[in-house]
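Survey of secondary and tertiary structure
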Amino acid sequence: MILGQIGFLLLVSSLIFSIYLIYLIYFNYKSVSDIISIKIYTFTFLQLITILFSFFFLIFSFVNSDFSLVSVYQNSHTTKPLFYKISGTWGNHEGSLLLWLLVLSLFSFFFLIQSRNDLKKYRLLTILFQNLIIIGFLVFIIKTSNPFLSLYPVPLEGLGLNPILQDPALAIHPPILYLGYVGSSIVFSSALAAMIEKYVNKIWASSIKIWIMISWIFLTIGIMLGSFWAYYELGWGGFWFWDPVENVSLMPWLTLTALLHSIIILEKRETFHSWTLILAIISFTLSMNGTFLVRSGILNSIHTFANDPARGLYILIFLSILAFFSLIIFYLFQPEKKETTRFFLFSRETSILINNWFMIFFLVVVLIGTIYPLILEILNNSKISVGPPFFNILIIPFLIPFLIFMSIGPRMNWINTENKSIIKKKLLHLLVIIIIFSPMFFYFDKKNILSLSIFILGIFLLLSLLNELKEFFIKSKIRNISKIISHLGFAILIISISLNNIFSIEIDTNLKVGDSYKFKKYELVFQNISGKVEKNYNSVIGKFILKDIKNDIIYLNPEIRIYENPPMITSEASIKNNFFYDNYITMSNIQGGEYYNIRFQKKFMMLWIWISALVMAFGGLLRVFKK
Amino acid sequence: MFLKSRENIIRFLFFLVIFLLLFFLGSIFFKSLNTTKIFVPDKLIGRSLPDFTAESFDDKNKYFTKNEIFNEKKYYLLNIWASWCGPCREEHPILIKLSNDHNLELVGLNFKDKKENALKFLNKSGNPYNKVLIDNNGSVSISLGAYGVPETFLINEKKIIELKFVGPLKNSDYKKILKKINYKNEN
């Protein structure tokens, strides 16, 4: 109880510190001195510490099952394991916003320390914008989402028993995603500050690059963990569903990826100023937009939960203010067009520009697919849902040119590639690879043409990257190793997804005990069923054997659970995986008879999809630590 | 000079278009906020109420089964409440209003509460319920698939859940309930 009150007071004092900081920044900005006053450091630190402690107090209340707090009462339970009590802290609206705020102030503090070599006024303005965002969130938390709201009389037991949410991947998925979202706030603030201070140049680019990288890494891992959770724990049977909430996290990832590339041009060639700034602004706006759409519950998705419209309204107002102000700042302070830095068609600049165009195209597709149903519902009052076919048609064919450019582009020189032989060589490689793999087109079904093309281009990309790696290690040429590794991750991802599409087998059949089902090179035998009595449910467990031609045997044990209270039947998938494929089986009884409906899937390269995302993030990490 | 100003006009128009686009999106979001209904798993609606037994509030150690509670061919409103729950006070006047409707029986499920507090609450603010049941350890509410307190289920004469409300009942919910129960009776 008392801890909750202290936690709340800490939040209020943090708000006071933030407002005082703005006052300090104003006077420091006007002063002639070249250094940032020590007071600003002190108060930024105090702001961080107060938020940190209030977050600790919240965790502590969760660990202690202090049900005098509404948020603890609603989301925790005395019988929860300690790990889930702790993760329950940010598993709900109030706690997750406090975590947002914590990361926001943490990054703002780190920025202040890390940017020591930059222009004073630029640093001050960045901290100013950062503080405006922090104040926005503090007011939001204090007014509408106070995690320390108390309850009287104190209930004896909490409500949070939902077992689906008790999962390790889900426990770390939100914080990591948030680190990515919030990291882009620094990029946003500093872009605005640099614009006002006319500091959009080489030095700014190289100092802000690390922040873009950090938020990109966390966003990559965060998205991957979410996808992992949906596959293994929710048993959705796939890795990406174009679910609105997934899309919303993909959008800032696309712009950050574009930004990651365009900032390099700004750093190396001092061009694309405005474009880079636009990307920086959009990335954070999309992150906020993601928070708004998820938190307000206006999207029609499995992830969104009930929420107070007042909260949604607040985030919407805040989001609009941010968007309009950044637009106005951009209008007033847009960098003047300098004499155009020239570059030729066959240059690194062109290839990065092409990357950006593709990213923006993908962004527009995802944005329309996510928001169009909302617009239609309002204007036309009709409900539609945009499904995977829309995204697949608009995205997959465009991956073909994208992959070709991605393989050739990094081999170009800045300004102009005079030696065109490298391009000719690359195209020759491509031709050879196409010829080698072309028999596949005859072997496989027509519907796989697109996946096959993507696969072949994925191999092309992989080989070019391996070639670069070879040059790095054997011929010890100077190459950007972190770029190669991240691109390698992307190549593995593309190859895995296309193989997954081509080779995955799905069968749906009815079997009874003793039956077997033959398909392709495999035989699935339904050996027997057994019953088991558990504390709150009874289960029927099937024993299946999957044999292949070489008589390798895999046992699979899907389960049907019959809960008594409430009467509910769930089917638990049995997933056995190895390095190259997952065997995934579910069963369900048919009308109480002896036949069971069996869904069996052999999914290729599932493990590699997660690995590839980690490889991409690892490449970024290398760059961060190299600095 | 002319060229310069033309460039400026183009720039201004460009920003105006972006501004209008953002404004359009913002107003769409704003409208969506108000039209969104609270997300309730569709699973429960249209299904029959799960079986449960609950202790009677008036007689200690007397238990009712589902069929004993919902024994008439009538609409029932099952409301989960507690004296310590703030939002329950908020929705109480609506429950009182609903209790005047003869086509509807109200069943209250008192959730993890002290009996004396619950009694005080009912005496002070009025008792809208035809029957009151006790859910001391919260197991009944969990088996009903409830998220928290308050929560309200509209159950028809076939014991099928027709509507479910998470959180306090609002006036719009009141109208919705009235519409449902009176529509059926007219036919």
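Computed from a predicted structure; not experimentally measured.

Across its full length, chain B carries six helices and seven strands. Secondary structure elements of chain B occur, N-terminal to C-terminal, as α-β-β-α-β-α-β-α-β-α-β-β-α. Scored against the burial criterion, the 187 residues of chain B give a buried share of 34%. Taking the intrachain contacts of chain B between residues at least 6 apart in sequence as the baseline, contacts between residues at least 24 apart amount to 73%.

Moving on, we get to the environment of A:I172. Residue and element names in this part refer to chain A. By the element assignment, I172 lies in helix α7 (residues 168-196). Classification of I172 as partly exposed rests on a count of 16 C-beta atoms within 10 Å. In this structure, the C-alpha to C-alpha distance between I172 and K80, residues 92 residues apart in sequence, is 17 Å.

A word on the nonpolar core. Ranked by size, the top nonpolar core spans 151 residues in total, and within it A:L101, A:F137 and A:I212 carry the most contacts. Considering each element in turn, this core owes the most residues, 15 residues, to helix α8 (residues 202-232) of chain A. Among the nonpolar cores identified, the runner-up in size contains 35 residues, and B:F70, B:W81, B:C85 and B:V132 belong to it.

Taken residue by residue, a regular strand's side chains alternate between the two faces of the sheet. Residues and elements named next belong to chain A. Relative to strand β3 (residues 522-533), strand β2 (residues 516-519) runs antiparallel, the two being bridged by four bridges. Residue K518 lies in a different strand from β3, and its bridge partner there is E523. What sits between β2 and β3 in their antiparallel hairpin is a turn of two residues, with K520 showing a positive phi close to 45°.

This next bit is on the packing of α7(A) against α8(A). Residues and elements named next belong to chain A. At a minimum axis separation of 7 Å, α7 and α8 run at an interaxial angle of 155°. When the axis of α7 is compared with that of α8, the two are roughly antiparallel. Remark: the crossing between α7 and α8 carries left-handed chirality. Along the lines of polarity and charge, the residues of the contact of α7 with α8 split into 20 nonpolar, eight polar and no charged.

So, on to the sheet that holds strand β4 (residues 104-111) of chain B. The pairing of strands in a sheet happens through backbone hydrogen bonds and is either parallel or antiparallel. Residues and elements named next belong to chain B. A sheet is described by the order of its strands in space; here seven strands give the open sequence β2-β1-β5-β4-β3-β6-β7, paired in mixed fashion. The open sheet is flanked by β2 (63-65) and β7 (161-166), the only strands paired with a single partner. With strand direction ignored, the average angle separating the axes of adjacent strands in the sheet is 30°. Inspection of the sheet shows strand β1 (residues 53-56) paired to strand β5 (residues 131-135) by two bridges, in the antiparallel sense. If you follow E55 over to β5, its bridge partner there is I134. Packing against the sheet, helix α3 (residues 86-99) makes contact with β3 (75-81) and β4, and its axis sits at approximately 155° to β4.

Residue and element names in this part refer to chain B. With 84% of its residues at a pLDDT of 70 or more, chain B has an overall mean of 80. Mean pLDDT values for the elements of chain B range from 71 in helix α5 (residues 139-143) up to 91 in β3. Note on residues 36-42: pLDDT under 50 across the span, and twelve contacts to partners over four residues away in sequence or across chains. The complex model carries a pTM of 0.79, and its ipTM stands at 0.72.

Residues and elements named next belong to chain A. With antiparallel pairing, the four strands of this open sheet are ordered in space as β1-β10-β9-β8. The strands lining the two open edges of the sheet, one partner per strand, are β1 (505-511) and β8 (574-577). Across the sheet, the mean angle from the axis of one strand to that of its neighbour is 15°, orientation sign disregarded. In this structure, strand β9 (residues 581-589) lies alongside strand β10 (residues 596-604), joined through nine bridges in antiparallel fashion. Bridge pairing in β10 links I585 to F600.

This next bit is on the domain arrangement of chain A. Residue and element names in this part refer to chain A. Each assigned domain of chain A is listed here: domain 1 (1-159), domain 2 (167-389), domain 3 (390-504) and domain 4 (515-607). A separation of 38 Å is found between the C-alpha centroids of domain 3 and domain 4. The partner domain 4 presents six residues to the five residues of domain 3 that form the contact. The residue makeup of the side of domain 3 that touches domain 4, split by class, is two nonpolar, three polar and no charged.

A few words now on unusual backbone geometry. Both trends apply: most residues other than glycine have a negative phi, and most peptide bonds are in trans. Positive phi, normally seen in glycine, also occurs at A:F272, with a value near 65°. Looking at where A:F272 falls in the secondary structure, it is placed in the loop between α9 (244-269) and α10 (273-296).

Right, let's get into the packing of α8(A) against helix α18 (residues 606-626) of chain A. Residue and element names in this part refer to chain A. For the pair α8 and α18, interaxial distance at closest approach is 9 Å and the crossing angle is 165°. When the axis of α8 is compared with that of α18, the two are roughly antiparallel. Crossing geometry of α8 relative to α18 is assigned as left-handed. Each of I210, M213, I214, W216, I217, T220, I221, M224 and F228 in α8 lies in contact with α18, whose residues at this interface are W610, A613, M616, A617, G620, L621, R623 and V624. Here the contact of α8 with α18 is built from residues that sort into 14 nonpolar, two polar and one charged.

Calculation notes
- Residues numbered from 1 in each chain as written.
- Chains lettered and ligands numbered in written order.
- Predicted model: local features only at pLDDT ≥ 70, side-chain atom pairs only at ≥ 80, totals over all residues.
- Helix = DSSP H or I, 4+ residues; strand = E, 2+ residues; numbered from the N terminus.
- Buried ≥ 20, exposed ≤ 12 C-beta atoms within 10 Å, placed from the backbone.
- Contact = placed C-beta atoms within 7 Å.
- Core = buried A, V, L, I, M, F, W, Y, C linked by C-beta atoms within 7 Å.
- Pairing = 2+ DSSP bridges.
- Axes fitted to C-alpha atoms, helices over the stretch in contact; angles between N-to-C directions.
- Parallel < 35°, antiparallel > 145°, perpendicular 65-115°, else oblique.
- Left-handed = near helix turned anticlockwise from the far one by under 90°.
- Nonpolar A, V, L, I, M, F, W, Y, C, P; charged D, E, K, R; others polar.
- pLDDT = per-residue confidence, 0-100.
- Domains from an automatic or database assignment.

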